[in-house]
Amino acid sequence: MKRMIAILAVLAVIGTGLYPAAVFATQDGSPKILNLYLGYQITDKAAQELSKWDIVVLDMDQQFQFPEQIRKIRSLNPQIKILAYVSAGEIADARFRGDPRSPGRKLANSIPGVWFLKRPDGSHATWWPGAYAMNATNLGPTYKGKRWNTFLGPFIRDEMMSTGLWDGVFLDAAYEQVTGFFGPNLDPDLNGVANPSKQNDEAYHEGMTILINNVRSAIGNDKLILNNSSAAYASVTNGTLFENFPRYGWASPFSELRTALSKNRNPKISTINTNTNNKEQPTDYRLMRLGLTSSLLADAFFSFDAGDAGHQRTWWYDEYAAIIGEPRLGAKVVSGSVSKTTPAVWWREYTQGLAIANPTNKAVQLDLPGEFEKVSGQQDRATNDGSIVKSVTVPAQDGIVLLRRGEALDIYGSGYTNGAFMQVYNQKGERLRNAFFASRSDIPGGATVLEADIDIDGQPDTAFAKDGLLTVRFGNGITRTVRPYGKNYKGGIALAVGQTDGTLAQELILTPTGPNVASTVLILNTQLHIVTKWLAYLPNFRGGSSVAIGDIDEDDKREIFTAPGLGGGPHIRSFKTDGAIWSGGFFAFGSDQRGGANIAVGDVDGDGYDDVVVGSGPGTDPVLRVYDGKRNLKYEFTPVGVTRETGVKPVVVDMNADGQAEILISSLPF
């Protein structure tokens, strides 16, 4: 972190006007990432890139130099947390030469001589040129009733947090002891005599604890505190930065990281910083993966850059965007044994992925707990080639992030055909991940399945229909069955679920898919009693239909959409939940087509509004179209592996809970 001294020297020059002060006009389920961006400039491009991180650390003087760029970063990512860099244990000489209006210069000007950590001869204690140690102990004299450990917190509050630009503070140089850094010849009480090292170290640890607690008291519990240089203060901060991991060993700092996280205040933000030791090597993918997977084992944040002279990089990696979800099991050793001194191979399962770290000096082959797929990346394709695997070989000093293959249980809130081979697309027709079989062994093959908390009791319920029989297995153990279209109907039933009548519980919305049946929409309550019913199309149309529900106009009221089955034109109709016409229908494809259509509803582009997703019916060219609530065509694509004989059957579901639903389309395996 000592590179700050050189940066501050440049900031000081910029602030004096020797260079023009540039004013530039101006990230889920993925790994948690932090960027130590301690460069002296924030360009427009850098602001754009920095907005992809979850936490960004910027020097405190950036509130003076580039406040608009800080605002831009936040506008691009309102969920981001931005921390101000402040040294808790040192003051850089360059701070004294900064612009008088900058917080760094104001801080420097506020420090009296008695607050410095000095040696018996009165010289400054320093271990890095251009940085003077501050006396965090209670041994020295006060100045105007204050010490360094009581002054810094209110200063951060008044000069930085008051601007509204910051979400907390990064306290660098929060040393646990001073002897190891500055040597034994220290005189913190300024009496001209060096104190015993043990006394100095104990006093410093006590004083730094006071300092951090005073920072917390001053800035409030809603602000974040991340400290560097020691995990001794884990219980009084939100996190500790483990810089240069794993350069000086893996097992011991990893154990220390896990201990720190167990002590950190919520929200916990302890972070691994892995770097290339001041070498410009952004393509050292193996080192990056080892650091990243190690952080995932601990559920920590991760940072990767060039080193303490290069904490100003926006290096981005394929794994950063991998949707792995939340940890669902603790990290465990899968090769070797747990040790604080000897590395072992670990993995940790996530709801949608798996992280494996191999810090040993030997490659290891592992059988996986199921079928996974590798990240489909653009960088290190030798590792991230998107292949489906049941075992992997992880090289020495490396790691790998794997994605859990799609499962039927990932399809929540939308109906699908049990056993279908699902391709996963975004709204533009781009495949997001490898296809999977949406198959449940506890449900008859070919049945329509819908998993949702229908009765809103916090437990998932399963509805499925086949051969005209609807069965609902509630999470509380109750099972109900009904033949909603009569005992003689043995065809399929389309299922949707949603709130239709203002009661707490949701309702099931049904249509028969045929053959030889009128398209009657049924709304059933949790007792499987019919609440409302109506004909979606003329009674003489006997081709059945599909059904979907959503809030197209964001008025907190649901609309029900239908699409006719085989023999009908692709006429999409919309209704209020009582069966009244909501809006005029429209033809999603050519009105002369007689393959019908297939309907789904959901927000597929993340704009906050549900979209109408329509697949072409059998007998026509396979096409999927996405319309907005005003019937405007937004997107269109031809899915892979779908034939004219089957038609396009979309299922819309937000599989990774990122606010943007995926489009699943059943197709032929390939």
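Residues numbered from 1 in each chain as written. Predicted model: local features only at pLDDT ≥ 70, side-chain atom pairs only at ≥ 80, totals over all residues. Heavy atoms only, no water.

I'd like a description of the overall build of the protein chain, backed by residues and values.
Tallying secondary structure elements over the protein chain gives 10 helices and 37 strands in all. Expressed along its principal axes, the backbone C-alpha trace of the protein chain runs to roughly 105 × 50 × 45 Å. Across the 670 residues in the protein chain, those meeting the buried criterion constitute 56%. Here the protein chain displays about 26,600 Å² of accessible surface, and carbon together with sulfur accounts for 49% of that area. A gap of 1 Å separates the mean positions of the 65 positive and 71 negative side-chain charges of the protein chain. (Helix = DSSP H or I, 4+ residues; strand = E, 2+ residues; numbered from the N terminus. Buried < 20%, exposed > 50% of the residue type's maximum accessible area, 1.4 Å probe, protein only. Areas by Shrake-Rupley, 256 points an atom, 1.4 Å probe, with all protein chains shown as cover. Lys, Arg positive; Asp, Glu negative; His and termini not counted. Charge placed at Lys NZ, Arg CZ, Asp CG, Glu CD.)

Explain the nonpolar core to me, and be specific about the residues and the numbers.
Judged by nonpolar contacts, the single largest core of 91 residues is most densely connected at Leu-58, Trp-148, Ile-156, Met-160, Trp-166, Leu-171 and Met-208. In terms of residue count, helix H10 (residues 285-298) provides more of this core than any other element does, eight residues in total. Taken domain by domain, the makeup of this core includes at least three residues from each of domain 1 (34-321) and domain 2 (332-404). Once residues within four sequence positions are removed from consideration, Trp-166 is found in contact with Leu-58, Asp-59, Met-60, Gln-63, Ile-70, Arg-74, Ile-82, Leu-83, Ala-84, Met-160, Met-161 and Lys-223. By size, the runner-up hydrophobic cluster in this structure holds 19 residues, among which are Ile-454, Ala-465, Leu-470 and Leu-495. (Core = buried A, V, L, I, M, F, W, Y, C linked by side-chain atoms within 4.5 Å. Domains from an automatic or database assignment. Contact = heavy atoms within 4.5 Å.)

Could you give an account of the environment of Ile-111, with specific residues and numbers?
Residue placement: Ile-111 occurs in the loop between helix H5 (103-109) and strand E5 (131-133). Put simply, Ile-111 and Arg-147 are 36 residues apart on the chain and 9.5 Å apart in space, counted from C-alpha to C-alpha. The contacts of Ile-111, once residues within four sequence positions are left out, are Ile-91, Phe-116, Met-134 and Trp-148.

Go over the pairing of strand E21 (residues 461-466), please, and point to the residues and values.
With five of six residues buried, E21 lies mostly within the body of the structure. Judged from the five bridges that link them, strand E20 (residues 448-452) and E21 form a sheet pairing that is antiparallel. Bridge pairing links Leu-450 to Ala-463 in E21. Of the pairings in the sheet, the one linking E21 to strand E22 (residues 469-473) comprises five bridges and is antiparallel in character. When the sheet's bridge partners are listed, Ala-465 is paired in E22 with Leu-470. From the end of E21 to the start of E22, which pair antiparallel, there are two residues, and Asp-467 there has a positive phi angle of about 55°. (Pairing = 2+ DSSP bridges.)

Provide a residue-level description of the sheet that holds strand E7 (residues 224-228), including the pertinent values.
The strand order E1-E2-E3-E6-E7-E8-E9-E10 describes an open sheet built from eight strands, whose pairing is parallel. In the strand order of this sheet, the two ends are held by strand E1 (34-36) and strand E10 (301-305), each with one partner. Sheet twist, expressed as the mean angle between neighbouring strand axes with direction ignored, is 25°. Sheet analysis places strand E3 (residues 81-87) next to strand E6 (residues 168-172), joined by five bridges and oriented parallel. Bridge pairing in E6 links Tyr-85 to Phe-170. Along the sheet, helix H6 (residues 148-159) makes contact with E3 and E6, crossing E3 at roughly 145°. (Axes fitted to C-alpha atoms, helices over the stretch in contact; angles between N-to-C directions.)

Summarise the packing of helix H9 (residues 251-263) against H10; cite the residues concerned and give the values.
Where H9 meets H10, the axes come as close as 10 Å, and the angle between the chain directions of the two elements is 40°. Our classification of the angle between H9 and H10 gives oblique. With respect to the hand of their crossing, H9 and H10 are arranged in right-handed fashion. Across the interface between the two elements, Phe-254, Leu-257, Arg-258 and Leu-261 of H9 pack against Ser-294, Leu-297 and Ala-298 of H10. Classifying every residue of the contact of H9 with H10 gives five nonpolar, one polar and one charged. (Parallel < 35°, antiparallel > 145°, perpendicular 65-115°, else oblique. Left-handed = near helix turned anticlockwise from the far one by under 90°. Nonpolar A, V, L, I, M, F, W, Y, C, P; charged D, E, K, R; others polar.)

Give a description of the domain arrangement of the protein chain that names residues and reports values.
Domain annotation for the protein chain reports domain 1 (34-321), domain 2 (332-404) and domain 3 (414-667). Put simply, the middle of domain 2 and the middle of domain 3, counted by C-alpha atoms, are 38 Å apart. Each partner contributes residues to the interface: domain 2 has six residues there, and domain 3 has four residues. Taking both partners together, domain 2 and domain 3 bury about 410 Å²; carbon and sulfur atoms supply 24% of that area. For the pair domain 2 and domain 3, the number of links is zero salt bridges. Between the two partners, domain 2 and domain 3, sit zero residue pairs in polar contact (both at pLDDT 80 or more). (Buried area = accessible area lost by both parts, 1.4 Å probe. Salt bridge = Lys/Arg side-chain N within 4 Å of Asp/Glu carboxyl O. Polar contact = N/O pair within 3.5 Å; in protein donor to acceptor, adjacent residues only side chain to side chain.)

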